Amino acid sequence: MQAKKLRQILAQDGIICAPGAYDAWSAKLIADAGFPAVYMTGYGVSASHLGQPDIGLIGMSEMATAAGNIAYAANIPLIADADNGYGNTLNVIRTVQAYERAGVAAIQLEDQVMPKRCGHMEGKELISESEMVAKIRAAVYAKNCPDTVIIARTDARAVHGFAEAIQRAQAYVQAGADVIFFEAPASVEEMREVRRLLSVPLLANMVENGKTPLLGLKELEQLGYKIAIFPASLIYSATKAVMSTLSDLKTHGTTKMSLANMVDFPTFNQMIGVQQYRDIEKSFMK
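Since the structure is predicted, the reported quantities are computational estimates derived from the model, not experimental observations. (Residues numbered from 1 in each chain as written. Predicted model: local features only at pLDDT ≥ 70, side-chain atom pairs only at ≥ 80, totals over all residues. Heavy atoms only, no water.)

Now for the pairing of strand 5 (residues 149-154). Of all six residues making up strand 5, six are buried, and the element is well covered by its neighbours. Residues Val 149, Ile 151 and Arg 153 point to one face of strand 5 and Ile 150, Ala 152 and Thr 154 to the other, with burial holding for every one of them. The pairing of strand 4 (residues 106-110) with strand 5 spans five bridges and is classified as parallel. Paired with Ile 107 across the strands is Ile 150, a residue of strand 5. Strand direction decides the pairing type here: strand 5 and strand 6 (residues 179-182), joined by four bridges, are parallel. Directly across from Ile 151, in strand 6, lies its bridge partner Val 179. (Buried < 20%, exposed > 50% of the residue type's maximum accessible area, 1.4 Å probe, protein only. Helix = DSSP H or I, 4+ residues; strand = E, 2+ residues; numbered from the N terminus. Pairing = 2+ DSSP bridges.)

To continue, consider the packing of helix 2 (residues 24-32) against helix 4 (residues 60-74). Helix packing for two helices is described by the angle between their axes and how far apart those axes are. Helix 4 packs onto helix 2 with a crossing angle of 30° between their chain directions and a minimal axis gap of 8 Å. With respect to each other, helix 2 and helix 4 are oriented roughly parallel. As for how helix 2 packs across helix 4, the hand of that crossing is right-handed. Here Ala 24, Ala 27, Lys 28 and Ala 31 of helix 2 lie close against helix 4, whose contacting residues are Asn 69, Ile 70, Ala 73 and Ala 74. Considered class by class, the residues forming the contact of helix 2 with helix 4 number six nonpolar, one polar and one charged. (Axes fitted to C-alpha atoms, helices over the stretch in contact; angles between N-to-C directions. Parallel < 35°, antiparallel > 145°, perpendicular 65-115°, else oblique. Left-handed = near helix turned anticlockwise from the far one by under 90°. Contact = heavy atoms within 4.5 Å. Nonpolar A, V, L, I, M, F, W, Y, C, P; charged D, E, K, R; others polar.)

Moving on, we come to the environment of Cys 17. When you line up the elements, Cys 17 lands in strand 1 (residues 16-21). On the basis of relative accessibility, which here comes to 10%, the residue Cys 17 falls in the buried class. When neighbours within four sequence positions are excluded, Cys 17 is seen to be in contact with Phe 35, Pro 36, Ala 37, Leu 217, Ala 228 and Phe 230.

A few words now on the packing of aromatic side chains. Applying the stated rule across the entire model yields three aromatic pairs. Each ring, one from Tyr 43 and one from Tyr 236, has its centre 6.1 Å from the other, and the planes form 85°; the classification is edge-to-face. Of this pair, Tyr 43 sits in helix 3 (residues 42-50) while Tyr 236 sits in helix 11 (residues 233-252), placing them 193 residues apart in sequence. The class for Tyr 236 is partly exposed, based on a relative accessible area of 34%. Ring geometry for Phe 162 and Phe 182: centres 5.4 Å apart, planes at 55°, overall tilted. Note that Phe 162 is positioned in helix 8 (residues 162-175) and Phe 182 in strand 6, a separation of 20 residues in sequence. Under the relative-accessibility criterion, Phe 182 is labelled buried at 4%. For Arg 153, the ring lying beneath its charged end belongs to Phe 181, and the centroid distance is 5.3 Å. (Phe/Tyr/Trp six-rings, centres within 6.5 Å; stacked < 30°, edge-to-face > 60°. Lys NZ or Arg CZ within 6 Å of the ring centre and 35° of its normal.)

Quick look at the structure:
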């Protein structure tokens with residue numbers, strides 16, 4: 001159902017903004033704020049679930065479990081990072097089917113080797129174009145839901161240059177990718193050229209202080225991008241807020257000076273749905 005909904009909004013005018021969720025609660029907040037889709041960030045999930053960097057340490061089963069929790073909490077289309085499919089074409093098949101069972105609407109696969117790196121980190125290495133084409137074909141083959149969107153990401157811009165990245169993206173479209181994620185263009189001019197050379201919907205990755213210019217939604221739409229993800233914004237914001245409160249507690253022995261930056265106890269209970277669950281519980285006791 002959510003995959004079909006994502007297909008519908010992809011076909012409509014306007015850009016789709018999908019903030020990055022790193023757990024179920026952040027996903028619910030995204031949905032409650034009125035965004036049309038949510039992006040599950042491997043960068044954020046690795047940090048929040050393992051306390052480790054996005055360098056291939058988190059596995060497929062852990063990511064699929066996180067995707068299921070996020071999809072359930074948000075109840076809006078979920079675009080999910082599936083890294084490099086966690087192996088070869090057979091692993092990609094298993095990954096796609098596990099993500100579909102978890103409720104994912106769009107599955108993002110990238111052309112890095114294992115272990116992968118965050119797209120805005122140094123030291124990335126790529127598999128061959130032909131191997132990635134085979135992975136995309138496997139992903140399309142694996143789909144149980146015809147509406148599931150396959151997003152192909154290429155990291156070739158930083159490794160082999162702009163021309164090869166375009167060549168790879170075109171090959172991935174021919175293999176069946178629905179959306180292209182051209183990672184880390186270095187300028188607005190490059191972003192404009194990507195749009196000129198590729199005919200499918202494009203995804204823009206807006207990482208604060210990353211390699212790509214940080215643009216607003218209107219600018220991205222004018223450049224011809226269809227999806228904008230902000231994968232790290234919430235985990236960066238949450239990290240700073242938590243560090244501030246911990247500093248206050250450590251320094252002053254109380255959280256009183258941090259209260260203005262917190263929701264209160266009744267508000268949080270209302271947001272998380274305590275009363276609804278109590279009402280459901282009572283309904284069975286009649």
